[in-house]
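Examination of the molecular architecture
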Amino acid sequence: YIRDYIKGSTADTSNHWVEIQAYDNFIAGTNIALNKTTTCSTGAITDIVLVTNGDTNSAYYFDGGIWDGVNPTYVTVDLGGIYDIKRIKIFHCSLDFRTYFNKKLEISSDGMTWYTIYDESVNGNYTESSNGVEYFLADNMLELKNSFSDLTFNFSDYYRGGTFIKNIPGNY
């Protein structure tokens, strides 16, 4: 499972997902999330298939609804099995280079126990781009690559004040 949270943006209070991809390789690989079942915390279903249809054009996005003022909205992709995920790529609407708030990305092998890959409150925020943002998963290292700025950093270098290298057990 992959779960991605957002809570409104610099443009408005709506929550938009263009595409969520998961790969079994660091460079290319197979998009394991392609055409997988996706649900939204708000219950919205119109155009939800856009989240995993393989199209990264920001003109076509799933609208998860307006932020309710309290809880962030999230979408969950059920991969339908357990996979060795090496890379996750997230595309939110980027037509106006907006920034979404309270971004958080989690993975789970059972849909019950979740491991946080990225949390804006810890890692800082970024502006959306048409290239999406990539999260690299390895046994003892996580990296975030914001393709727009082509910035790549190891979380151990990025975090300050403690050790934040994560060993994510198992496959997802």
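These numbers were taken from a predicted model, which means no experiment stands behind them.

1. Focus: the nonpolar core
Looking at soluble globular proteins, one finds that nonpolar side chains tend to be buried together. Ranked by size, the top nonpolar core spans 27 residues in total, and within it Ile2, Ile20, Ile88, Leu105 and Tyr135 carry the most contacts. Those elements giving two or more residues to this core turn out to be strand 1 (2-6), strand 2 (14-23), strand 5 (73-78), strand 6 (87-92), strand 7 (104-107), strand 8 (115-119) and strand 9 (133-138).

2. Topic: the pattern of salt bridges
The tally for this structure, following the rule as stated, stands at seven salt bridges. Glu134 serves as the salt-bridge partner of Arg87, at 2.8 Å between the closest nitrogen and oxygen. Remark: Glu134 occurs in strand 9 and Arg87 occurs in strand 6; sequence separation between them is 47 residues. Glu134 carries the same exposure label as Arg87, and that label is buried. For Glu128, the salt bridge identified is with Lys103, shortest N-O distance 3.0 Å. Taken as a pair, Glu128 in the loop between helix 1 (120-123) and strand 9 and Lys103 in the loop between strand 6 and strand 7 lie far apart in primary sequence, 25 residues in all.

3. A short note on the side chain of Glu134
Under the relative-accessibility criterion, Glu134 is labelled buried at 8%. Polar side-chain contacts of Glu134 include one of 2.8 Å to the side chain of Arg87.

4. Side note on the confidence of the model for the protein chain
Here the protein chain averages 81 in pLDDT, and 80% of its residues register 70 or above. Predicted confidence for residues 140-172 stays below pLDDT 50, and this span has 80 contacts to residues more than four positions away or in other chains.

5. Let's talk about the environment of Met112
Along the chain, the position of Met112 falls in the loop between strand 7 and strand 8. Judged by its relative accessible area of 68%, Met112 is exposed. In the structure, Met112 is positioned 111 residues away from Tyr1 in sequence and 9.6 Å away in space, judged by C-alpha atoms.

How each quantity is defined
- Residues numbered from 1 in each chain as written.
- Predicted model: local features only at pLDDT ≥ 70, side-chain atom pairs only at ≥ 80, totals over all residues.
- Heavy atoms only, no water.
- Core = buried A, V, L, I, M, F, W, Y, C linked by side-chain atoms within 4.5 Å.
- Buried < 20%, exposed > 50% of the residue type's maximum accessible area, 1.4 Å probe, protein only.
- Helix = DSSP H or I, 4+ residues; strand = E, 2+ residues; numbered from the N terminus.
- Salt bridge = Lys/Arg side-chain N within 4 Å of Asp/Glu carboxyl O.
- Polar contact = N/O pair within 3.5 Å; in protein donor to acceptor, adjacent residues only side chain to side chain.
- pLDDT = per-residue confidence, 0-100.
- Contact = heavy atoms within 4.5 Å.

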